[in-house]
Amino acid sequence: MELMVLLNALVTRLLFVLHSLIGVWRVTAVKKEPKYWLLALLNLLLCLETGLTLKFKQGRGYKWFSPAIFLYLICTVPSLWLLEIHHGTQYCGNEPGAVQVNVSNQDFNQSRDSSHASEGTDHHIIQTAKVFVKQLSTICETVWTLALHQTFLLLLVVGRWLLPIGVEITRDQLSQLLLMFVGTAADILEFASETLDIEDVRKNYALINAILAVWTWSMLQFPLDLAVQHIGCKPTASTRRIPSLLLCRYSAELWNIGVSLFIQDGPFFIVRSILMGHFRIFNQMLVFFTAKNILVVTLQLYRLAVITLDFRATIVQKSRKGEVSCCPCEPYEASTHATTDQDTKMKEFVTFPPKEESQTPSEDQ
């Protein structure tokens, strides 16, 4: 096993566990009940996944799916749910972060001077750690929750970058996937922060749960790599139908369209439409992002129509030439010694043009 692969696999999962434990600590501090430390036991699943990956995959990833990212979601999402439901119990000023930083800097200077004057370096480190923990504890709850949301999404992107890739995915595909994840993370963060910060939404417990449910549903796209990988199937008996051939050729594009319509922009549009239509909640940003969701959904449907028409035209063209190709990377090539039998088998894949026209080619001519 390569040393860098081992280090990347371990360091990335260690960052996941550390961030998850910080979220559990914040829940325990906010709720003031030690029983919420039991949420930390979810990290045992991530530790088990680490051992199995190192043993059976030598630290490398899997095809189409990342168990480490999925388990990281399981470990962190419950803490963020509890923090959002328990939102706003502390008062935050206009610039709470700047105030806390100024106070902490004074405390750090005082602790450093006292440590040098009395007990030396060890005491200085202890005092610095105490002041740092005190500073973190005094930051208001809303700032903590937003920071956890932001670092959560950043770690999903950075962690996917650091995790060793499998043999099935190339670095070019990984770079495309990471660029897509950056845009996706920005949209998800905007959805959560923009909708949950509305005062009327905060007063409705059921509405908060519905928004968090849609937010959780949108996070499920991060463990999947289908957006940059083609299925790469071959023209066998299982791919004789048109839907199978369409999925065979445009698997990555169809997955992107499906994610947008059913996991991200579609659900986001429904939630924002309910807020404006049923609850009569209006603001400038809500209207803007609703219009943005409408535009994206419309463009994705247009893209789906273009792909379908292009696929139909390709099937018709190839059927007239007597050849059908499942994927662009695997063209059909007739062998020199069995052309008649293979041509007969490949024509079974084609349903265009209609049967009456295919039986009388002389009339078309």
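Reading the values: the criteria
- Residues numbered from 1 in each chain as written.
- Predicted model: local features only at pLDDT ≥ 70, side-chain atom pairs only at ≥ 80, totals over all residues.
- Heavy atoms only, no water.
- Helix = DSSP H or I, 4+ residues; strand = E, 2+ residues; numbered from the N terminus.
- Buried < 20%, exposed > 50% of the residue type's maximum accessible area, 1.4 Å probe, protein only.
- Contact = heavy atoms within 4.5 Å.
- Areas by Shrake-Rupley, 256 points an atom, 1.4 Å probe, with all protein chains shown as cover.
- UniProt positions renumbered as here; feature names shortened; annotations may be inferred.
- 1 Å grid on protein atoms, 1.4 Å probe; cavity = no way out; pocket = protein on both sides within 12 Å on 5 of 7 lines; lining within 4 Å.
- Points joined across faces, edges and corners; volume = space filled by probe spheres on them.
- Nonpolar A, V, L, I, M, F, W, Y, C, P; charged D, E, K, R; others polar.
- Phe/Tyr/Trp six-rings, centres within 6.5 Å; stacked < 30°, edge-to-face > 60°.
- Lys NZ or Arg CZ within 6 Å of the ring centre and 35° of its normal.
- Salt bridge = Lys/Arg side-chain N within 4 Å of Asp/Glu carboxyl O.
- Axes fitted to C-alpha atoms, helices over the stretch in contact; angles between N-to-C directions.
- Parallel < 35°, antiparallel > 145°, perpendicular 65-115°, else oblique.
- Left-handed = near helix turned anticlockwise from the far one by under 90°.

Peer 1: Can you walk me through the overall build of the protein chain in this structure?
Peer 2: A count of helical and extended segments in the protein chain gives 16 helices and 0 strands. A burial count over the protein chain gives 39% of its 365 residues as buried. For the protein chain, the share of sequence-separated contacts (at least 6 apart) that also reach a separation of at least 24 residues comes to 76%. Of the roughly 20,700 Å² of accessible surface on the protein chain, 64% is carried by carbon and sulfur atoms.

Peer 1: What's the story with the UniProt feature "transmembrane region" (unreviewed entry) in the protein chain in this structure? I'm lost.
Peer 2: The positions UniProt marks with the feature "transmembrane region" (unreviewed entry) are residues 6-24, 36-52 and 64-83. Along residues 6-24 one finds 100% helix and 0% strand; the C-alpha atoms at either end are 27 Å apart.

Peer 1: How do you make sense of empty space enclosed by the protein when you look at a structure like this?
Peer 2: Any empty space left between atoms is shown by rolling a water-sized probe over those atoms. The tally for this structure, following the rule as stated, stands at 2 cavities of 30 Å³ or more. Each pocket or cavity is described by its volume, and for the largest cavity that value is around 120 Å³. What lines the largest cavity is a set of 18 residues, among which G61, Y62, S66, L163 and P164 lie closest to the centre. Counting only elements with at least two residues in the lining of the largest cavity, the list comes to α2 (43-56) and α3 (67-85). In terms of residue class, the lining of the largest cavity is built from 8 nonpolar, 5 polar and 5 charged. A volume near 40 Å³ is recorded for the second largest cavity. D187, E190, F268, R272, F289, K292 and N293 together form the lining of the second largest cavity. Broken down by element, the lining of the second largest cavity gets its largest block of residues, 3 residues, from helix α13 (residues 284-321). Looking at the lining of the second largest cavity residue by residue, the classes come out as 2 nonpolar, 1 polar and 4 charged.

Peer 1: Is there a simple way to explain the packing of aromatic side chains in this structure?
Peer 2: For any pair of aromatic rings, the description rests on two quantities: the centre-to-centre distance and the angle between the ring planes. A complete count under the given rule lists 8 aromatic pairs for this structure. Relative to F70, the ring of F65 lies with its centre 5.8 Å away and its plane at 50°, an arrangement referred to as tilted. For F65, a relative accessible area of 31% corresponds to the partly exposed category. In this structure an aromatic cluster arises from ring pairing among F16, Y72, F152 and W215. For the cation-ring pair, R26 lies above W25, with the distance from its terminal atom to the ring centre recorded as 5.3 Å. The ring of Y62 is capped by K57, whose NZ or CZ atom sits 5.1 Å from the centre of that ring.

Peer 1: I would appreciate a short explanation of the pattern of salt bridges in the present structure.
Peer 2: Side chains that differ in sign of charge can pair as their charged atoms come close. By the definition in use, this model includes 8 salt bridges. Of the charged contacts in the structure, one is a salt bridge between E84 and R202, with a shortest N-O distance of 2.6 Å. One end of the pair, E84, is in helix α3; the other, R202, is in helix α8 (residues 199-202), with 118 residues separating them in the sequence. You can call R202 partly exposed: its relative accessible area is 21%.

Peer 1: What should I look at first to understand the packing of helix α1 (residues 3-31) against α3 in this one?
Peer 2: Two numbers describe a pair of packed helices, the interaxial angle and the distance between the axes. Between α1 and α3, the shortest axis-to-axis distance is 9 Å and the interhelical angle comes to 15°. Taken together, α1 and α3 sit at an angle that is classed as roughly parallel. You can see that α1 and α3 cross each other, and the crossing is left-handed. Contact with α1, carried on its side by R13, F16, H19, S20, G23, V24, R26, V27, V30 and K31, involves A68, I69, Y72, C75, T76, S79, L82 and L83 of α3 and no other residues of that element. Looking at the contact of α1 with α3, its residues break down into 10 nonpolar, 5 polar and 3 charged.

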